[in-house]
Amino acid sequence: MRPLDAPAWQQLAGLPSVAIGATVPAYVIALRLQRRCAGSPILNPTLVTILLVVGLLQLTGTRYETYVRSASFIHFMLGPAVGLLAVPLFRQTALIRASGVVIAIALAIGLPAGIVTAVGLAWLLGGHAETLLSLAPKSLTTGIAIGVSQAIGGVPALTAVFVILTGIIGAVCGPATVRLMGISDVRILGLAMGIGSHGIGTARAFQFGDVAGAFSSLGMSLNGVLTAVLLPLFITLLPA
Amino acid sequence: MLPVPGPVIALVLLYANLTWLGRIPENLGALADRILQNLGLLFVPAGAGIVAYVHLLRTDLVAIIAALLGGTIVTIGLVGVIADRLTRGQQTGVVHDATT
């Protein structure tokens with residue numbers, strides 16, 4: 001297909017209504033697609049929407065910069081939305097008090113493990129610095145991961161995609177991994193899923209009951225907040 | 001300047017505020033549920049930026065796949081095994097208490 005008439009289209013694509021008017025329906029289609037396929041984590045709606053948008057940009061010959069500028073309102077909403085994660089976290093305050101020890105143990109292992117395993121493996125296999133920094137926050141919930149990536153000099157776009165893929169891998173392989181270890185405590189299953197694979201893993205953990213889901217969501221939130229505070233500090237303390 | 005991302009500071013401040021209040025205002029709870037339900041939409045503009053990094057994905061493909069697949073499975077497995085070992089013996093009953 002021939003790219004659309006360049007000047008006229010670029011002007012049209014610069015309109016927020018066009019960018020948002022393309023993104024939101026694409027997301028609705030992606031949501032329907034996942035629902036139709038029994039909620040399969042592989043058909044992650046965000047990932048499908050990103051692919052649809054990228055396809056649309058290529059098809060119409062629109063530059064990413066033009067799109068992201070006109071869709072900036074959607075991106076802007078991400079900040080306040082991440083702040084709102086305090087609400088579900090606050091609802092689980094009683095759970096933190098009741099199971100503080102196991103939560104603290106899981107975080108003490110999972111927080112560094114999520115970063116070190118990813119960065120270490122990629123480093124061993126010759127990944128570029130940009131790749132390593134973008135991989136570091138991959139276990140965090142996407143909104144926080146994008147912020148951390150920016151703070152430590154990674155590429156937020158790469159991080160967003162790495163985070164979603166991490167979630168899908170955790171949702172698909174996590175329960176089997178935990179079962180293989182002979183673990184029957186659903187609190188630990190939940191914590192491992194939430195700390196290792198954030199929201200997508202949490203959605204999967206809820207299929208093992210509300211307790212697993214609640215602990216997973218807790219693991220995700222606490223890992224996100226603690227890493228966001230500790231990782232940028234750690235990186236600034238590293239010798240250059 | 002603080003290296004901590006602004007939205008995370010907002011999260012911590014809102015949590016502190018809620019703790020001080022001792023409850024979640026009805027409107028805020030409804031708003032949070034509504035927005036967080038569609039959180040996935042808000043990552044799309046940032047994620048679509050991947051188009052500019054296809055070359056990096058290609059050169060680091062093996063490293064990335066190993067990091068994502070290996071890193072995620074090892075992390076989940078490690079948390080599971082160590083947390084299970086360290087808490088064994090004190091876990092009876094707690095599972096049920098947590099739901100109430």
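Residues numbered from 1 in each chain as written. Chains lettered and ligands numbered in written order. Predicted model: local features only at pLDDT ≥ 70, side-chain atom pairs only at ≥ 80, totals over all residues.

A. Summary view of the overall build of chain A. When you go through chain A residue by residue, the secondary structure sums to 13 helices and 0 strands. Each helix and strand of chain A, ordered N terminal to C terminal, gives the series α-α-α-α-α-α-α-α-α-α-α-α-α. Principal axes of the C-alpha set define a box for chain A whose edges measure 60 × 50 × 35 Å. Across the 240 residues in chain A, those meeting the buried criterion constitute 54%. If you take every contact in chain A between residues at least 6 apart in sequence, the share linking residues at least 24 apart comes to 62%. (Helix = DSSP H or I, 4+ residues; strand = E, 2+ residues; numbered from the N terminus. Buried ≥ 20, exposed ≤ 12 C-beta atoms within 10 Å, placed from the backbone. Contact = placed C-beta atoms within 7 Å.)

B. Quick peek at the interface of chain A and chain B. Between chain A and chain B, the residue contacts involve 96 residues of the former and 65 residues of the latter. Considering every element that reaches the side of chain A that touches chain B, the biggest residue donor is helix 11 (residues 156-180) of chain A, with 14 residues. When the residues that make up the side of chain A that touches chain B are grouped by side-chain class, the tally is 65 nonpolar, 26 polar and 5 charged. (Nonpolar A, V, L, I, M, F, W, Y, C, P; charged D, E, K, R; others polar.)

C. The arrangement of helix 1 (residues 6-21) of chain B in detail. In this model, helix 1 of chain B (16 residues) spans 22 Å end to end at C-alpha, consistent with the 22 Å of a helix rising 1.5 Å per residue. Within the span of helix 1 of chain B, buried status applies to Pro7, Val8, Leu11, Leu14 and Leu18 of chain B. Burial along helix 1 of chain B is one-sided: seen end-on, the buried residues are contained in an arc of 120°. Along helix 1 of chain B, the residues that are exposed and aim more than 90 degrees away from the buried face are Leu13, Ala16, Asn17, Thr19 and Trp20 of chain B. Looking at the buried residues of helix 1 of chain B, the elements they touch are helix 5 (72-83), helix 6 (86-91), helix 10 (142-152) and helix 13 (210-237) of chain A. (Expected span 1.5 Å × (residues − 1). Arc of directions from axis to C-beta.)

D. Geometry of helix 12 (residues 186-205) of chain A. Relative to the 28 Å expected for 20 residues at 1.5 Å per residue, helix 12 of chain A spans just 9 Å between its end C-alpha atoms, considerably shorter than the ideal helical length. Histidine 198 of chain A marks the point of greatest bend in helix 12 of chain A, at about 145°. (Bend = angle between axes of the 7 residues up to and from the residue.)

E. Here's a closer look at the domain arrangement of chain A. Residue and element names in this part refer to chain A. When the domains of chain A are assigned, the result is domain 1 (6-75) and domain 2 (86-237). On a C-alpha basis, the centres of domain 1 and domain 2 stand 27 Å from each other. Residue-level contacts link 5 residues of domain 1 with 6 residues of domain 2. In terms of residue class, the side of domain 1 that touches domain 2 is built from 3 nonpolar, 2 polar and no charged. (Domains from an automatic or database assignment.)

F. Focus on the nonpolar core. Counting 99 residues, the largest nonpolar core has Ala86, Ala106, Leu189, Leu191 and Ala192 of chain A together with Val79 of chain B as the members making the most contacts within it. Contacts of valine 79 of chain B, omitting those with residues within four sequence positions, involve Ala106, Ile109, Gly110, Ala113, Leu191, Ala192, Ile195 and Gly196 of chain A. (Core = buried A, V, L, I, M, F, W, Y, C linked by C-beta atoms within 7 Å.)

G. The arrangement of the environment of serine 139 of chain A in detail. Looking at the element boundaries, serine 139 of chain A is found in the loop between helix 9 (129-135) and helix 10. Sequence separation of serine 139 of chain A and alanine 30 of chain A is 109 residues, and the distance between their C-alpha atoms is 23 Å. Apart from the residues within four sequence positions on either side, serine 139 of chain A is in contact with Gly114, Thr166, Ile195, Gly196, Ser197, His198 and Asn223 of chain A together with Thr75 of chain B.

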